[in-house]
Amino acid sequence: MSLRRLAVLIATVLLTVMALPAQATGISTDYQEFTYAATYYFNADFYGYPVYFPSWAQEHVWDRHVLGYERDYKEKTTFYPLGQYVAGRKLPETMDGYDVVYLIEETIEYGNPEFDGDRVVLTYDLPGYEASYYGIDEMKAVIQEEEYDGYVYFEVVTAYPVYGPDVAVYEDHHWVD
């Protein structure tokens, strides 16, 4: 290969790379942190039974309570404050993807349970220092009892912030202030 052809090839590659849009954003980094922590570090028990955070539930929590998918089809959606833009509004940035998983674990471990058949709704009032740090005063998680080969365990169905100074609420097609 001639030196001239090599120079043209390098220039073409550089121009192509420079023309690509930037892919790494804060929210994509948070998503990577969230799914990594939820898959490899999630560690919660409910009354001595293990709780798992399946990938379909991870996708639901992220899509609905971070990105805002289906917000117009549901009566009310609350959002984790990760600094994301949803429906033209910039939300506060007081936590990251790891923090979301941590608060879900805390909700399962320390929340007050309400039993509804195979499902359990857990409500967790964050202690003052956590509430002021994350901007969330109350969390909810829904887990469901499962059984496989005589082995009982629970799976996360959903988890979301209920209210707090940095929790954004979208209700009936508009933001609630």
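If you're wondering where the values come from, they're calculated on a predicted model, not measured in any experiment.

Parameters at a glance
Residues numbered from 1 in each chain as written. Predicted model: local features only at pLDDT ≥ 70, side-chain atom pairs only at ≥ 80, totals over all residues. Heavy atoms only, no water. Patch = residues over 30% accessible without salt bridge, like charges linked within 9 Å, V, L, I, M, F, W, Y side chains within 5 Å. Areas by Shrake-Rupley, 256 points an atom, 1.4 Å probe, with all protein chains shown as cover. Salt bridge = Lys/Arg side-chain N within 4 Å of Asp/Glu carboxyl O. Helix = DSSP H or I, 4+ residues; strand = E, 2+ residues; numbered from the N terminus. Buried < 20%, exposed > 50% of the residue type's maximum accessible area, 1.4 Å probe, protein only. Lys, Arg positive; Asp, Glu negative; His and termini not counted. Charge placed at Lys NZ, Arg CZ, Asp CG, Glu CD. Phe/Tyr/Trp six-rings, centres within 6.5 Å; stacked < 30°, edge-to-face > 60°. Lys NZ or Arg CZ within 6 Å of the ring centre and 35° of its normal. pLDDT = per-residue confidence, 0-100.

1. Structural notes on a nonpolar patch on the surface
Okay, so step 1: A contiguous nonpolar surface patch, about 500 Å² in accessible area, is contributed by Tyr36, Tyr40, Tyr41 and Tyr98.
Okay, so step 2: Of note, Tyr98 is situated in helix α4 (residues 97-110).
Okay, so step 3: Classification of Tyr98 by relative accessible area gives partly exposed; the value is 39%.

2. Things to note about a negative patch on the surface
Okay, so step 1: A cluster of acidic residues, Asp118, Glu145, Glu147 and Asp149, forms a negative patch at the surface.
Okay, so step 2: By secondary structure assignment, the location of Asp149 is in the loop between β8 (138-148) and β9 (151-163).

3. Let's talk about unusual backbone geometry
Okay, so step 1: Even without glycine at this site, Tyr47 takes up a positive phi of about 50°.
Okay, so step 2: Mapped onto the elements, Tyr47 comes out in the loop between β1 (44-46) and β2 (49-52).
Okay, so step 3: In this structure, Asp149 takes a positive phi of about 55° despite not being glycine.
Okay, so step 4: For Asp149, a relative accessible area of 76% translates into the label exposed.

4. Points about the packing of aromatic side chains
Okay, so step 1: Scanning the model with the defined rule gives 18 aromatic pairs in all.
Okay, so step 2: Ring centres of Phe46 and Phe115 lie 6.0 Å apart, and the angle between their planes is 50°; on these two criteria the pair is classed as tilted. In this pair, Phe46 sits in strand β1 while Phe115 sits in strand β6 (residues 112-116), placing the two residues 69 residues apart along the sequence.
Okay, so step 3: Given the relative accessible area of 4%, Phe46 is considered buried.
Okay, so step 4: Seen in terms of ring centroids, Phe46 and Phe154 are 5.1 Å apart; in terms of plane orientation they differ by 75°. Their pairing is edge-to-face. Here Phe46, found in strand β1, pairs with Phe154, found in strand β9; they are 108 residues apart in sequence, far enough to count as distant. Each member of the pair, Phe46 as well as Phe154, carries the same accessibility label: buried.
Okay, so step 5: Positioned above the aromatic ring of Tyr85 is the side chain of Lys90, whose terminal nitrogen or guanidinium carbon lies 5.5 Å from the ring centre.

5. Describing the pattern of salt bridges
Okay, so step 1: Going through the model one piece at a time under the given rule, you end up with one salt bridge.
Okay, so step 2: Of the charged contacts in the structure, one is a salt bridge between Glu70 and Lys74, with a shortest N-O distance of 3.9 Å.

6. Description of the confidence of the model for the protein chain
Okay, so step 1: Of the residues in the protein chain, 85% reach a pLDDT of 70 or more, and the chain-wide mean stands at 88.
Okay, so step 2: When pLDDT is averaged over each element of the protein chain, strand β7 (residues 119-125) comes out on top at 98 and helix α1 (residues 3-19) at the bottom at 56.

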